[in-house]
Amino acid sequence: MERNWWKESVVYQIYPRSFNDSNGDGIGDIPGIIEKLDYLKYLGIDVIWLSPVYQSPNDDNGYDISHYDQIMEDFGTMEDWEHLLAEVHNRGMKLIMDLVVNHTSDEHGWFQEAKKSKDNKYREYYIWRSGKEDGKEPNNWGATFGGSAWEYNEETEDYYLHLFSPKQPDLNWENPELREEIYTMMRKWLDRGIDGFRMDVINFISKTPGLPDAPKEEDETYASGGQFFMNGPRIHEFLQEMNEKALKGYDVMTVGEMPGVDVEEAKKYTDLNRNELQMVFQFEHMDLDSGPGGKFDLKPLDLRDLKKSISRWQTGLNGIGWNSLYLNNHDQPRVVSRFGDDKNYHDESAKMLGTFLHMLQGTPYIYQGEEIGMTNIKFDSIEDYRDIETINYYNEQVYEKGRDKNEVMESIYVKGRDNARTPVQWDDSPHAGFTTGEPWIKVNDNYETINAEKALQDEESIFHYYRKLIQLRKEHDVIVYGDYELLLPEDEKVFAYKRRLDDDILFVLTNFSDETVEVNVPENIEINQPELLIGNYKGEKQFNSKTTLQPYEARVYKGK
Ligand code: TEU
Ligand code: CA
C-alpha cells in the first residue's frame, strides 16, 4: 500500500472558542493556542485541525462565515494566525483549516448583495425559489437546526435554501462563477502555507435538480430531504474540479465531513486515483445510539452494531481508500461518557476507547480534552447552554410540542453538542485555567480532578497513555498499514480484532463492559512470541487461549 505522511499522522482538533483564552475576555483565541503548542508536540501530535477562525457572527460558532479572508476578532488578527502557522511548522507539526463552503453566513457580502434584488450580480451565488401556490415553502425539507430549510426574503419575495440555520444560506454550486470564487479562496489559504483542509458537509454541495419534496411521516411537519442533497449527482465532478483547480500541486491533506456517506460512496471519494479527497468523516458509528427520531431519540449502543459498522469500513476501504478514525469532535458528546463509564471506570474506559480506536487502520483524530478524559456536562438550566442546535431543539420540544422539560433535558445531557464545547481544563485554578475572565460557556465542575496539569504529572494518566498509543503508531507499521479482521463477532462485551502486515500480527482485546469477562481466544490466532505492547491494567498479562478481562480492560499483543 502507498505510504503517505497523512496516513501516518495523528490529528488533534482544536475548537478555538473553548481551547485557551490568552486575553481574559472568556473566549479562546489564537495566541492562546500558541501557548499550548509545546503541550501538543509533547503529546505526539503531527497535524492540528483548526475549526473555523474566520470572521463570523457566531450563529453557529464560526460555521457561518461572513468573510473567508479575515480572522474573527474574538480570535485575534491575521498576524496572530500567521504567527500560529509559523510556530506550528517550527515544531514540525502541520496545520489544516476548516473549509465551510456548503453555505456562508447571511452576513457575508455576497448574500447581503444577493438578497437585494433578483437581478443582482450575486443572486445566483445562492439557491432561490418561489413559494408554492398554497403559500407553503418551495419544498418540504426541514433544516438541521429546526423549522423549514427555506427562509422568506421580503426584497425579492421568494425563499432561499438553508440546510442549517436561516443565517447559513446554502451556496449554489451549480454556478461556475461561485465555484471559481471558492477555488480562488482555497488557493489563497494554501499559498499562506497551510497543509490541507477539513471540509464541512462537503457531500451536501450537489443538490438533486428540481429540489423535489421528500417522503415524510404523517406526524412530521418537514422531511429530512437528505436523499436529495447528500452525495448528489454532481458531487464527484465538483470534487474532481476542486482538486484540479485548487488542491493540485500542493502536498496537502484533505478530509471531507460527510453525514450520510456509506462505504461504497466513500470508496469513490477516497480512491486516490479519482483525485477527489484522501479521507472522509463518516457517521455510521455515531448514529448507532440514535433511534428513528434522530440523535436526541436515545437508544443504548449494542456492541455488535459497532463491530459490524467499524468492520464494514475497515475491510471496505482497505487497499482502496483510507479511514478517518474518531469517536469525539465538536459535534459529538464526550466518548468516555457516551461509550465508557465516566463515574466508576473513568480512566480505564477512556484508555480502553483510545486503544480500540488507535489500533485500527486509518488516521486517528483526537478532539481537544479527549486526551485527559474530559466528560459530558449537565448544566442545571437550558440558559447555560450555548449551542443553536440544542436551544432550538429545547424550544421546539418544550414550547411547540409541549414535552416535559426534564425528559428533553435528558436527551440534551446525553447528546448535546455543548458536551464537547466546555472549556479545556488546563489546571485546578478558577475556570480550569482556561480564562482569567468569565468563560463564554461554563467550565465542567470536575476540572479540579480532570485537568491537563494533573495528567502531565501522573505517569498513569490518560494523557500519558495516549502518548504511548501515538508512539506505538510510529514504531509499528502494522498499526498504520496492516489489514483488519474482526474476531468474536457475536460477543456482546468484547471487541477483539486482529491486524496483520507481512508476518507481523497485532491482537487487540477491548472489554466495552463494566463486567469481568472470560474470553476464549479463537484457534486461528496463531501468534508466536506474543509481547504485550500496551494495556490499561497493571500486572503481567501473558497471552493465552483463555483470558480474563477486567471491566473496560484493553490489551494489545504483537507477535509473528
Ligand atoms: O456538521 C454537519 C452536521 O451534520 C452536524 O450538524 C451533525 O450532524 C450534527 O451536529 C449532529 O448533532 C458540520 C459542523 O461540524 C457543525 O458544527 C455545523 O453546525 C454544521 O456542519 C453546519 O456548518
Ligand atoms: Ca480571548
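Structural notes, computed from the coordinates. Predicted, not measured: the structure shown is a model, and the values here were computed from it.

A word on the overall build of the protein chain. A tally of regular secondary structure across the protein chain gives 15 helices and 22 strands. Relative to its length of 560 residues, the protein chain is compact, with a C-alpha radius of gyration of 24 Å against a globular reference of 24 Å. Counting only C-alpha atoms, the protein chain reaches 75 × 55 × 50 Å along its principal axes. For the protein chain, the residues scored as buried account for 62% of the 560 residues in total. Counting only contacts in the protein chain whose residues sit at least 6 apart along the sequence, the fraction spanning at least 24 positions is 70%. As displayed, the protein chain offers around 21,700 Å² of accessible surface, 44% of which is attributable to carbon and sulfur atoms.

Quick look at the site of ligand 1 now. Near ligand 1 you find 18 residues, and of these Asp60, Asp200, Lys295, Asp331 and Arg417 are the closest. Between ligand 1 and the protein, one listed contact pairs an oxygen atom with a side-chain N or O atom of arginine 198 at 3.0 Å. At 3.0 Å, a side-chain N or O of glutamate 257 approaches an oxygen atom of ligand 1. Protein contact buries 93% of the 490 Å² of open area that ligand 1 shows by itself.

Geometrically, a metal with four donors at the corners of a regular tetrahedron has ideal angles of 109.5 degrees, and one with six donors at the corners of a regular octahedron has ideal angles of 90 or 180 degrees. Within the protein, the atoms that donate to the calcium ion (ligand 2) are Asp21 (OD), Asn23 (OD1), Asp25 (OD), Ile27 (O) and Asp29 (OD), at distances of 2.2 to 2.3 Å. Mapped onto the sequence, the donors of the calcium ion (ligand 2) take the spacing D-x1-N-x1-D-x1-I-x1-D. Judged by its relative accessible area of 35%, aspartate 25 falls in the partly exposed class. Overall, isoleucine 27 belongs to the buried group, its relative accessible area being 12%.

The buried fraction of strand β15 (residues 363–367) is high, at 5 of 5 residues. On β15, burial covers both faces: Thr363, Tyr365 and Tyr367 on one face and Pro364 and Ile366 on the other are all buried. The sheet contact formed by strand β1 (residues 11–14) and β15 spans 3 bridges and is parallel. When the bridges of β15 are listed, valine 11 appears paired with tyrosine 365. As judged from the 2 bridges shared by strand β14 (residues 324–325) and β15, these two strands associate in the parallel manner. Looking at β15, one finds that serine 324 is bridged to threonine 363.

Moving on to helix α8 (residues 303–317). Given a rise of 1.5 Å per residue, 15 residues ought to cover 21 Å, and the 21 Å separating the end C-alpha atoms of α8 matches this to within 8%. Every buried residue of α8 is listed here: Leu303, Leu306, Lys307, Ser309, Ile310, Ser311, Trp313, Gln314, Gly316 and Leu317. Packing partners of the buried residues in α8 comprise α7 (263–270), β11 (279–281), β14, α10 (346–358), β16 (483–487) and β17 (494–501). One or two residues past the end of α8 sits glycine 319, with phi positive at roughly 80°.

For the rest of this paragraph, the subject is the pairing of β16. Strand residues, when the strand is regular, have side chains that alternate between the two faces of the sheet. Where β16 lies against β17, 5 bridges are found, and the strand directions are antiparallel. Bridge pairing in β17 links glutamate 485 to lysine 498. Here β16 folds back onto β17 in antiparallel fashion, the turn holding 6 residues, of which leucine 488 has a positive phi close to 50°.

All right, on to the environment of phenylalanine 19 then. Mapped onto the secondary structure, phenylalanine 19 falls in the loop between β1 and α1 (30–34). What makes phenylalanine 19 buried here is its relative accessible area of 0%. Spatially, the C-alpha atom of phenylalanine 19 lies 34 Å from that of lysine 308, the residues being 289 residues apart in sequence. Residue contacts for phenylalanine 19: discarding those within four places in its chain leaves Tyr12, Ile14, Ile33, Lys36, Leu40, Gln368, Val424, Trp426 and Phe434.

This part takes up the nonpolar core. Counting residues in each nonpolar core, the largest one holds 150 residues, and the members touching the most others are Trp81, Met186 and Met242. The contact partners of tryptophan 81, leaving out residues within four places of it in the chain, are Ile30, Leu50, Val53, Ile71, Leu95, Met97, Trp189, Arg192 and Ile194. Within the second largest apolar cluster, 18 residues are counted, among which are Phe164, Phe204, Leu211 and Ala223.

Now for the sheet that holds strand β7 (residues 150–153). In spatial order, the strands read β6-β8-β7; together these 3 strands make up an open sheet with antiparallel pairing. The strands lining the two open edges of the sheet, one partner per strand, are β6 (128–129) and β7. Sheet analysis places β6 next to strand β8 (residues 158–161), joined by 2 bridges and oriented antiparallel. Among the inter-strand pairings, tryptophan 128 is bridged to a residue of β8, identified as tyrosine 160.

This next bit is on the pattern of salt bridges. Here the structure, examined in full by the defined rule, presents 52 salt bridges. When the shortest N-O distance is used, the salt bridge between lysine 207 and aspartate 170 registers 2.8 Å. Of this pair, lysine 207 sits in the loop between β9 (196–199) and α6 (235–247) while aspartate 170 sits in the loop between β8 and α5 (176–191); the two residues are 37 residues apart in sequence, bridging distant segments of the chain. An identical accessibility class is assigned to lysine 207 and aspartate 170; each is buried.

Cut-offs applied
Residues numbered from 1 in each chain as written. Chains lettered and ligands numbered in written order. Predicted model: local features only at pLDDT ≥ 70, side-chain atom pairs only at ≥ 80, totals over all residues. Heavy atoms only, no water. Helix = DSSP H or I, 4+ residues; strand = E, 2+ residues; numbered from the N terminus. Rg over C-alpha atoms; globule rule 2.2 N^0.38 Å. Buried < 20%, exposed > 50% of the residue type's maximum accessible area, 1.4 Å probe, protein only. Contact = heavy atoms within 4.5 Å. Areas by Shrake-Rupley, 256 points an atom, 1.4 Å probe, with all protein chains shown as cover. Near = heavy atom within 4 Å. Polar contact = N/O pair within 3.5 Å; in protein donor to acceptor, adjacent residues only side chain to side chain. Donors = N, O, S within 2.8 Å, 3.2 Å for Na, K, Ca; no water. Pairing = 2+ DSSP bridges. Expected span 1.5 Å × (residues − 1). Core = buried A, V, L, I, M, F, W, Y, C linked by side-chain atoms within 4.5 Å. Salt bridge = Lys/Arg side-chain N within 4 Å of Asp/Glu carboxyl O.

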